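One-letter residues, chain by chain:
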Amino acid sequence: MTLALGVLASGRGSNFQAILDAIHKGTLDAVVKVVLSNKSSALALERGRTHRIPSIFLDPKPFAESQDPRDAYDRAVGQVLHEHGVEAVVLAGYMRIVTPALVRQFPWKIFNIHPSILPSFPGLHAQRQALEWGAKVSGCSVHFVTEGVDEGPVIIQMTVPVLEDDTEESLSARILEQEHVAFPKALQWFAQGRLAREGRRVTVLPSRDREGEAPERTNIL
Ligand code: GAR
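Summarised in this report is the structure supplied together with it.

## Some thoughts on the site of the ligand
So, step 1. Around the ligand lies a shell formed by Arg 12, Gly 13, Ser 14, Asn 15, Gly 93, Met 95, Ile 113, His 114, Pro 115, Leu 176 and Glu 179.
So, step 2. Here an oxygen atom of the ligand sits 2.7 Å away from a polar atom, N or O, in the main chain of Gly 13.
So, step 3. Note that an oxygen atom of the ligand is positioned 2.8 Å from one of the side-chain N or O atoms of Glu 179.
So, step 4. In the complex, the protein chains occlude 89% of the 450 Å² of accessible area that the ligand would expose alone.
So, step 5. When each cavity is represented as a set of grid points, the ligand is found to reside in the largest pocket.

Structure below.
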């Protein structure tokens, strides 16, 4: 069954684009029902409009008056997603902390991509953190979103070297290439019902129609 996705994005939306491209190529059995941003200028909204996908700017400002602004905003986000028939939610460069008010509406059905090998370098500017730490490898992680920031069980990680002359931009670009591979792959495993989880450990079950094939790599070096 085709997976109905809702995408939350705050910026450029290249991960969103990679997801659209994978759908177009037939390597991801999904449909994007809505893209929502907390930034009116997000290029991700433009990309959505180009593909005739409902593309919504939900302004956080009016929620500032609420008793708990973040919760109130996330309840509204959840409502938009439900109204569009979304089954699973993709955080594609969504630069807001998602509160339990949203996580509890889509338990184990929210996915994030983060530009580091978690649990190293959570939060903002992960690539800058890796450089400043002097890490020799970095990469990206796709993980389930739980109530702790960047803490959910990891589905796939892909690594890249950190080079001596790297800048934040050059390292980010190298990681981004891997992000565009990892995210559609992880979502396709979920769409196929192949993600099994025991505590924090996530495994990818063999594909039903490809028995006997080598297991999928979830740690791509
Ligand atoms: C990506 O590098 C993504 O991993 C990162 O923001 C960028 C968004 O790029 N996300 C985070 O740092 C989340 N904590 P994009 O808008 O081109 O997909």
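Next comes the rest of the account.
## Describing helix 3 (residues 69-83)
So, step 1. Taking 1.5 Å per residue as the helical rise, helix 3 with its 15 residues ought to reach 21 Å, and the 21 Å between its terminal C-alpha atoms agrees with that figure.
So, step 2. Residues of helix 3 that are buried: Ala 72, Tyr 73, Asp 74, Ala 76, Val 77, Gly 78, Val 80 and Leu 81.
So, step 3. Along its buried surface, helix 3 packs onto strand 1 (3-8), strand 2 (30-37), strand 3 (55-57), strand 4 (88-91) and helix 4 (100-103).
So, step 4. Backbone geometry just downstream of helix 3 places Gly 85 in the positive-phi region, at approximately 70°.

## Some words on the pairing of strand 9 (residues 201-204)
So, step 1. In strand 9, alternate side chains face the same way, and those of Val 202 and Val 204 are buried while those of Arg 201 and Thr 203 on the opposite face are not.
So, step 2. Of the pairings in the sheet, the one linking strand 8 (residues 195-198) to strand 9 comprises 4 bridges and is antiparallel in character. Within strand 9, the position partnered with Glu 198 by the bridge is Arg 201.
So, step 3. In textbook terms, the turn of a hairpin is the stretch between consecutive antiparallel strands, and for strand 8 and strand 9 this stretch comprises 2 residues, one of which, Gly 199, has a positive phi near 60°.

## What about the nonpolar core?
So, step 1. Counting 42 residues, the largest nonpolar core has Phe 16, Phe 111, Ile 155, Phe 183 and Leu 195 as the members making the most contacts within it.
So, step 2. By residue number, the principal contributor to this core is helix 6 (residues 168-191), which donates 8 residues.
So, step 3. Counting 21 residues, the second largest nonpolar core, distinct from the first, contains Leu 8, Tyr 73, Val 86 and Val 89.

## With respect to the packing of helix 1 (residues 14-25) against helix 2 (residues 43-50)
So, step 1. Direction vectors running N to C along helix 1 and helix 2 enclose 25°, while the axes themselves pass 9 Å from each other. Overall, the two elements helix 1 and helix 2 adopt an arrangement that is roughly parallel. Residue-level inspection shows Ser 14, Phe 16 and Gln 17 of helix 1 in contact with helix 2, the latter providing Ala 44, Arg 47 and Gly 48.
So, step 2. Across the contact of helix 1 with helix 2, the residue classes break down as 2 nonpolar, 3 polar and 1 charged.

## Remarks on the side chain of Asn 112
So, step 1. Within the fold, Asn 112 resides in strand 5 (residues 110-114).
So, step 2. One polar contact links Asn 112 to Asp 150, side chain to side chain, over a distance of 3.4 Å.

## Points about the packing of helix 5 (residues 126-133) against helix 6
How two helices pack is summed up by the angle between their axes together with the distance between the axes.
So, step 1. Between helix 5 and helix 6, the least distance of the axes is 9 Å, while the angle of their chain directions is 120°. Seen from above, helix 5 lies across helix 6 with right-handed handedness. Together, Gln 127, Arg 128, Ala 130 and Leu 131 of helix 5 and Glu 168, Leu 171, Ser 172 and Ile 175 of helix 6 make up the contact between the two elements.
So, step 2. Residue classes in the contact of helix 5 with helix 6 are distributed as 4 nonpolar, 2 polar and 2 charged.

Cut-offs used in this document
Residues numbered from 1 in each chain as written. Predicted model: local features only at pLDDT ≥ 70, side-chain atom pairs only at ≥ 80, totals over all residues. Heavy atoms only, no water. Near = heavy atom within 4 Å. Polar contact = N/O pair within 3.5 Å; in protein donor to acceptor, adjacent residues only side chain to side chain. Areas by Shrake-Rupley, 256 points an atom, 1.4 Å probe, with all protein chains shown as cover. 1 Å grid on protein atoms, 1.4 Å probe; cavity = no way out; pocket = protein on both sides within 12 Å on 5 of 7 lines; lining within 4 Å. Sits in = over half its atoms within 2 Å of the grid points. Helix = DSSP H or I, 4+ residues; strand = E, 2+ residues; numbered from the N terminus. Expected span 1.5 Å × (residues − 1). Buried < 20%, exposed > 50% of the residue type's maximum accessible area, 1.4 Å probe, protein only. Contact = heavy atoms within 4.5 Å. Pairing = 2+ DSSP bridges. Core = buried A, V, L, I, M, F, W, Y, C linked by side-chain atoms within 4.5 Å. Axes fitted to C-alpha atoms, helices over the stretch in contact; angles between N-to-C directions. Parallel < 35°, antiparallel > 145°, perpendicular 65-115°, else oblique. Nonpolar A, V, L, I, M, F, W, Y, C, P; charged D, E, K, R; others polar. Left-handed = near helix turned anticlockwise from the far one by under 90°.

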